[in-house]
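Coordinates in review
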Amino acid sequence: MNIPNEPNAFAGDETMQRLLRLKRYEQPPEGYYEDFLSEFHHRQRAELLRPSLTTLLLERFASWAAEFRVPAIAYAGATALAVVASIGILQVNPAAPTGAPAAYAVSYSQTPFSQTPVTIQKMQPVSLRVNTQAEGDSTRLLPTAYLLQGRSANHESPLSF
Amino acid sequence: MARMTSELEPPINDDSELVSRTQGGDPSAFDQLVIRYTPRLYGLIYNMTSNHEDTNDLLQDVFAKAYRSICSFRGKSSFSTWMHSISVNMTINFLKKRKRRQHPSLNDPDSSIENDPDFIAATSQNDPLNAISIHELQNKLNAALSRLSHDHRAVVTMFDIQGIPHAEIAKILKISEGTVRSRLFYAHRQLQNSLHEFKNP
């Protein structure tokens, strides 16, 4: 549709324009304009005091954390969970050296109480026999010596004069 | 004290002077601009929203936005154009967000309307058979305006109700004058269909 070239295409029907101009009579309640500025100042001040969204979220989180109470059963539950997890890790972990403890366990279970434990059997006893070679030689008056695992031992202190 | 200040400092008529003072950190200068522009911007927003409460909230937001960004105002357009531009854009954005059409909250027309010859003619007060009340006329006008698109309503409000010339509307909306005339033409045609009962024989 072509728009007429005249400045105001609606000029031919001025009735509509006159009707629309009647909208100017619709005015806000009395005193509205006078109070508007003070309300504007009030809102501006309120805006300044209003915290930002980040601050609001942080405050809410802090208050939530402060009010948060751990129930006693949670500690028991956490302990039980830790025990179960430890057992599970010990049973599942293939890298653990299972041979040695098993051997010790078998040896303990199969050995009677009278028998010497395996760990003690592996200890080497210290020989306390008298050095007979030195004892047989009467010409030499040497102090009494003992052999400690093949080495001669003397009761005299090397620092004695 | 305030009285003395007002006596010493008469109201400044020039917007640019008040803008400069506001940009220089004088909030009282912006207060004068608020007082000066509240009635005309109220009319603009009110006739686009048909709701007094929405208009009040939007007008507060418009001045708050203007105050925050007044340092970016370089004076390429007049302050009036700048303020109208902020108002129209914020109102159109608000209307787009307001999906559900709200029940209008219309202000009562001033009592002086009864003496307006256009009102007398429109309400057929000379013909009691066709006479309608002020509120009937108000509701019919509002219903007709609400059928327009946001862009068309903005143009009709500025041109027909507020009397802003085409060239100024073009600057406010950042469109050509031809587009302003085109929008007015289609808006008027639509209004004629809605308000045909008031058309002169």
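One numbering rule holds for all chains: residues counted from 1, following each sequence as written. Chain letters start at A and ligand numbers start at 1, both assigned in the order the entries are written. For a predicted model such as this one, the threshold for reporting local features is a pLDDT of at least 70, and the threshold for listing and counting side-chain atom pairs is 80 or more; totals across whole chains, interfaces and linings nevertheless cover every residue. Computation of side-chain values: all heavy atoms of the structure, hydrogens and water removed.

**Here's the deal with the confidence of the model for chain A**
Residue and element names in this part refer to chain A. Known as pLDDT, the predictor's confidence for each residue is given on a scale from 0 to 100. Per-residue pLDDT for chain A averages 69, and the proportion of residues at 70 or more is 47%. Working definition: helices are DSSP H or I runs of at least four residues, strands are E runs of at least two. Numbering for both runs from the N terminus. Within chain A, the element-level pLDDT minimum falls on helix 5 (residues 99-110), averaging 49, and the maximum on helix 2 (residues 32-49), averaging 89. When checking whether two residues touch, look at their non-hydrogen atoms; a contact exists if any pair is within 4.5 Å. The model gives residues 4-12 a pLDDT under 50, and that stretch makes 14 contacts with residues more than four places away or in other chains. With pLDDT under 50 throughout, residues 102-107 is counted as low confidence; its partners more than four residues away or in other chains account for 3 contacts.

**Some points on the interface of chain A and chain B**
Many analyses report the size of an interface as the accessible area lost when the parts associate. Each partner contributes to the interface: chain A provides 33 residues, whereas chain B provides 52 residues. Of all residues in chain A, L20(A), K23(A) and Y25(A) bury the most surface against chain B, accounting for 18% of the area lost on that side. Throughout this description, the term salt bridge denotes a Lys or Arg side-chain nitrogen within 4 Å of a carboxyl oxygen of Asp or Glu. Summed over the shared surface of chain A and chain B, the number is 1 salt bridge. Between R43(A) and D57(B) there is a salt bridge, with its nearest N and O atoms 2.9 Å apart. Of all the secondary-structure elements, those providing two or more residues to the side of chain A that touches chain B are helix 1 (14-21) and helix 2 of chain A. Considering every element that reaches the side of chain A that touches chain B, the biggest residue donor is helix 2 of chain A, with 9 residues. Amino acids are sorted into nonpolar (Ala, Val, Leu, Ile, Met, Phe, Trp, Tyr, Cys and Pro), charged (Asp, Glu, Lys and Arg) and polar (every other residue, Gly among them). Here the residues of the side of chain A that touches chain B are counted per class, giving 18 nonpolar, 7 polar and 8 charged. Put simply, buried area is the surface a 1.4 Å probe can reach on two separate parts but cannot reach once they are joined, added for both.

**Notes on the packing of helix 5 (residues 79-97) of chain B against helix 8 (residues 150-161) of chain B**
Residues and elements named next belong to chain B. In the contact formed by helix 5 and helix 8, the axes pass within 10 Å of each other and the chain directions differ by 140°. With respect to helix 8, the element helix 5 is oriented oblique. In the packing of helix 5 onto helix 8, the handedness of the crossing is right-handed. For the pair helix 5 and helix 8, the contacting residues are V88, I92, L95 and K96 in the first and H150, D151, A154 and M158 in the second. A fitted line through C-alpha atoms serves as each axis, taken over the contacting stretch for helices, and the angle formed by two N-to-C directions is quoted from 0 to 180°. Any angle between 65 and 115 degrees counts as roughly perpendicular, while under 35 counts as roughly parallel, over 145 as roughly antiparallel, and the rest as oblique. Left-handed describes a crossing in which the near helix is turned anticlockwise from the far one by less than a right angle; the clockwise case is right-handed.

**Considerations on the packing of aromatic side chains**
For Phe, Tyr and Trp, where Trp contributes only its six-membered ring, two rings pair if their centres lie within 6.5 Å, and the inter-plane angle classes them as stacked under 30 degrees, edge-to-face over 60, or tilted in between. Applying the stated criterion across every chain, the model contains 15 aromatic pairs over all chains. Ring centres of F40(A) and F30(B) lie 6.1 Å apart, and the angle between their planes is 40°; on these two criteria the pair is classed as tilted. Of this pair, F40(A) sits in helix 2 while F30(B) sits in helix 3 (residues 27-49), each in a different chain. The residues F40(A) and F30(B) share a single accessibility class, namely buried. Among the aromatic side chains, those forming a connected cluster through ring pairs are Y32(A), Y33(A), F36(A), F40(A), F30(B), Y42(B), Y46(B), F63(B) and Y67(B). Charge-over-ring placement is defined geometrically: NZ (Lys) or CZ (Arg) within 6 Å of the ring centre, and within 35 degrees of the ring normal. In this structure, R40(B) packs its charged tip against the face of Y37(B), placed 4.5 Å from the ring centre. Residue exposure (1.4 Å probe, protein chains only): buried if accessible area is under 20% of the type maximum, exposed if over 50%, otherwise partly exposed.

**Quick word on helix 3 (residues 53-67) of chain A**
The end-to-end C-alpha distance of helix 3 of chain A is 21 Å, a good match for the 21 Å that 15 residues give at a rise of 1.5 Å each. Among the 15 residues of helix 3 of chain A, 0 are classified as buried, and the element is accordingly described as predominantly exposed. Under the convention used throughout, the expected extent of a helix is 1.5 Å for every residue step, that is, one less than its residue count.

**Details of the nonpolar core**
Nonpolar side chains tend to gather and get buried jointly when the protein is soluble and globular. Residue and element names in this part refer to chain B. What makes a nonpolar core is a set of buried Ala, Val, Leu, Ile, Met, Phe, Trp, Tyr and Cys residues whose side-chain atoms join them at distances within 4.5 Å. Ranked by internal contacts, the top residues of the largest apolar core, which has 63 residues, are F63, F79 and M158. Tallying contributions element by element places helix 3 first for this core, with 11 residues. In this view, F79 contacts D15, V19, L33, Y37, I70 and F73; residues no more than four positions away in its chain are not counted.

**Considerations on the confidence of the model for chain B**
All names here are of chain B. In this model, chain B carries a mean pLDDT of 86, and residues with pLDDT of at least 70 account for 87%. By mean pLDDT, the top-scoring element of chain B is helix 9 (residues 166-173) (97), and the lowest-scoring one is helix 1 (residues 2-8) (43). Counting interchain partners and residues more than four positions distant, the pLDDT-below-50 stretch residues 1-7 has 0 contacts. For this predicted complex, the interface confidence reaches an ipTM of 0.79, while the overall pTM sits at 0.63.

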